[in-house]
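Residues per chain are reported as follows:
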There are 2 protein chains.
Amino acid sequence: MGVQGESPTTSRGVQPPPNLGLVDGLVQLSAAVQAVVARVAAGADLSMAQARLLGVLRDRQPSMAQLAGLLELDKSSATGLIDRAERRGLVRRVDVPEDGRSFRVLLTAKGRRLTEELADEVARGVAALTDGLSEADRRKLAHLAGRVVVHDATARGIDLSTSTN
Amino acid sequence: MGVQGESPTTSRGVQPPPNLGLVDGLVQLSAAVQAVVARVAAGADLSMAQARLLGVLRDRQPSMAQLAGLLELDKSSATGLIDRAERRGLVRRVDVPEDGRSFRVLLTAKGRRLTEELADEVARGVAALTDGLSEADRRKLAHLAGRVVVHDATARGIDLSTSTN
DNA sequence: TATTGTTATACTCTATAACTATA
DNA sequence: TATAGTTATAGAGTATAACAATA
C-alpha cells in the first residue's frame, strides 16, 4: 500500500490530523526513491532482486545463509537468486576451506563493474530528486533522514557500524 | 540496489563528496518505509503487488487499462492480478454500460475494510519511524519530503491534484 | 544430531504475442 | 481498423518440505 501515488492516510477525517502530511510525504518519497532504483536496474536489464543482491555484495562476501539473512529470503530462494546471477556471470560461489558444506558468494569483476555503475546512477538519480531544494534544505533533509534511519535501526536492534561483515 | 542497508555511494572516495549523506540517507529511509509496508502486507498475507492494488483502488474505480497504467504493468499482468484479488474476494469487475468491452474494477466491502486497516497500520508504522524526532523536526521532514515529491512529480509531468480519477 | 546448502514443488508476478469481442 | 481485455506461454522470484553432505 502507498507504493503508488495514493495517500494511505487521506480521507479518514477522524481526529485533528496528527502526522497526515508526514506519513504521506514519507510514503511517496519512498516510492520516488524506489522508482529511481527500479529504473536504473531495468536499464541494466536487472530485476530489483538482482539489483538488491549486487548492492548487498558490494562490500560483503557472505555465505548463503548470511546472504539469505541480509536479503530476508529463505535459503532456497537465495539458491535460485545466486544461480541466476551466476549464470549471468555477475557472482561466483567460492569454497571456504574451513567448512566443506559452505562457501562464500562474491562479485565477479564483471559484477563489480556493473554494481559500481548502478550505484553511481542511483546516486545521481536520487540526488536529482532533490534538485528543487536549496543546499541548506538538502543538508537538513540528509540530517533528518539519517536520524530516522539510525533510530529505526536501533529500535530493531541492528548495529549500523557493522555493515561490512 | 541500496534497498537493504548498504550504501550505494560509500567508499568511492572520488571528489569532495557532494551529497553523499543525502543519497545514502534517502535510499535507506526509502528502504525503511518499504519495509514497513512489506511487513504490514505480509501480516495480512498479501503480496506487495496486491497491497499496491488495494492502495490504488482506495479512491478509484479504474478500467483495466487505467489500472495497468496506474500500476505501471502490462494489461495482461493486470488481468492476473485482478483475477487473484477477485478470487480472494477483495475486488470486483463491474460492467460499464457505455462500452461493452470495458468495465471498472472496485473494492468489495471486504476489500475496503482490509484496505483501510492496512492503511492505518502503515500510517502508524511510518509515523513510528519518526519517533525519535521532535515535533518541529517531524514538521520539517514532512515539508521537505512533500517538496521533493512535488518537484519530482512536476519534473515527470504528473498532475498531483488529479489523484482521484 | 545439527548445520549448510540444494532439489522438488507450487504459487505469485510479470511480460510478449496472439486472440476475441466490441467500437 | 482500433481498442479493451483475456489467454497462452515462459521465466523470475518466493516459500515449504524433503533431502544430501558435512560437522
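Asker: I'm lost on the overall build of chain A in this one. Help?
Answerer: If you tally the helices and strands in chain A, you get six helices and two strands. Reading the helices (α) and strands (β) of chain A from amino to carboxyl end gives α-α-α-α-β-β-α-α. A burial count over chain A gives 47% of its 165 residues as buried. Across chain A, contacts joining residues at least 24 apart in sequence account for 45% of those joining residues at least 6 apart.

Asker: Help me out: how do you make sense of the protein's contact with DNA strand D in this one?
Answerer: Around DNA strand D, the surrounding shell holds 22 residues, and the nearest of these are Ser47(A), Ser77(A), Arg84(A), Thr79(B) and Arg101(B). When atoms of DNA strand D within 4 Å of the protein are sorted by moiety, sugar and phosphate together comprise 65%. With respect to DNA strand D, the backbone of Gly100(A) contributes an N or O atom lying 2.7 Å from a phosphate oxygen. A distance of 2.8 Å is found between a phosphate oxygen of DNA strand D and a backbone nitrogen or oxygen belonging to Ala65(B). Among the secondary structure elements, those contributing two or more residues to the surface near DNA strand D are helix H2 (48–57) and helix H4 (75–87) of chain A together with helix H3 (64–71) and helix H4 (75–87) of chain B.

Asker: Even after reading the chapter, I still don't get the environment of Ala44(B), so can you show me in this structure?
Answerer: All names here are of chain B. Along the chain, the position of Ala44 falls in the loop between helix H1 (20–43) and helix H2 (48–57). Given the relative accessible area of 22%, Ala44 is considered partly exposed. In this structure the C-alpha to C-alpha distance between Ala44 and Glu117, which are 73 residues apart in sequence, comes to 9.6 Å. Once you skip the residues sitting within four places of it in the chain, Ala44 turns out to touch Arg88, Leu114 and Leu118.

Asker: For this particular structure, what's the right way to read the relation of the copies chain A and chain B?
Answerer: The two chain copies are connected by a rotation around an axis plus a translation along it. Mapping chain A onto chain B calls for a rotation angle of 179 degrees and an axial translation of 0.0 Å; the resulting RMSD is 0.1 Å. On this basis, the relationship between the two copies can be described by a two-fold rotation axis. For chain A, the minimum C-alpha distance to the rotation axis belongs to Ser30(A) and amounts to 2.1 Å.

Asker: Honestly, the nonpolar core in this entry has me stumped. Any pointers?
Answerer: Here is a general trend for soluble globular proteins: nonpolar side chains tend to be buried in one another's company. Within the largest apolar cluster, 87 residues are counted, with the highest numbers of intra-cluster contacts made by Leu53(A), Val91(A), Leu53(B) and Val91(B). Excluding residues within four positions of it along the chain, Val91(B) makes contact with Leu53(B), Leu57(B), Ile82(B), Ala85(B), Glu86(B), Val105(B), Leu106(B), Leu107(B) and Thr108(B).

Asker: Help me out: how do you make sense of the interface of chain A and chain B in this one?
Answerer: Note on interface size: it is often stated as the accessible area lost on association of the parts. Every contact between the two is made by 64 residues of chain A and, on the other side, 64 residues of chain B. Counting each side, the surface lost to burial between chain A and chain B is near 6,000 Å², with a carbon and sulfur contribution of 65%. If you look at where chain A meets chain B, you find four salt bridges. Across the salt bridge formed by Lys140(B) and Asp137(A), the nearest N and O atoms sit 3.6 Å from each other. Joining chain A to chain B, the criterion identifies seven residue pairs in polar contact (both at pLDDT 80 or more).

Asker: Explain the protein's contact with DNA strand C here, please?
Answerer: Among the 22 residues in the neighbourhood of DNA strand C, the closest are listed as Arg101(A), Ser102(A), Ser47(B), Ser77(B) and Arg84(B). Here a phosphate oxygen of DNA strand C and a side-chain polar atom of Arg84(B) are 2.5 Å apart. Mapped onto the surface near DNA strand C, the elements with two or more residues apiece are helix H3 (64–71) and H4 of chain A together with H2 and H4 of chain B. Looking at the surface near DNA strand C element by element, the count peaks at four residues for H4(B). Here the surface near DNA strand C is built from residues that sort into six nonpolar, nine polar and seven charged.

Reading the values: the criteria
- Residues numbered from 1 in each chain as written.
- Chains lettered and ligands numbered in written order.
- Predicted model: local features only at pLDDT ≥ 70, side-chain atom pairs only at ≥ 80, totals over all residues.
- Heavy atoms only, no water.
- Helix = DSSP H or I, 4+ residues; strand = E, 2+ residues; numbered from the N terminus.
- Buried < 20%, exposed > 50% of the residue type's maximum accessible area, 1.4 Å probe, protein only.
- Contact = heavy atoms within 4.5 Å.
- Near = heavy atom within 4 Å.
- Polar contact = N/O pair within 3.5 Å; in protein donor to acceptor, adjacent residues only side chain to side chain.
- Least-squares fit on C-alpha atoms with pLDDT ≥ 70 in both.
- Core = buried A, V, L, I, M, F, W, Y, C linked by side-chain atoms within 4.5 Å.
- Buried area = accessible area lost by both parts, 1.4 Å probe.
- Salt bridge = Lys/Arg side-chain N within 4 Å of Asp/Glu carboxyl O.
- Nonpolar A, V, L, I, M, F, W, Y, C, P; charged D, E, K, R; others polar.

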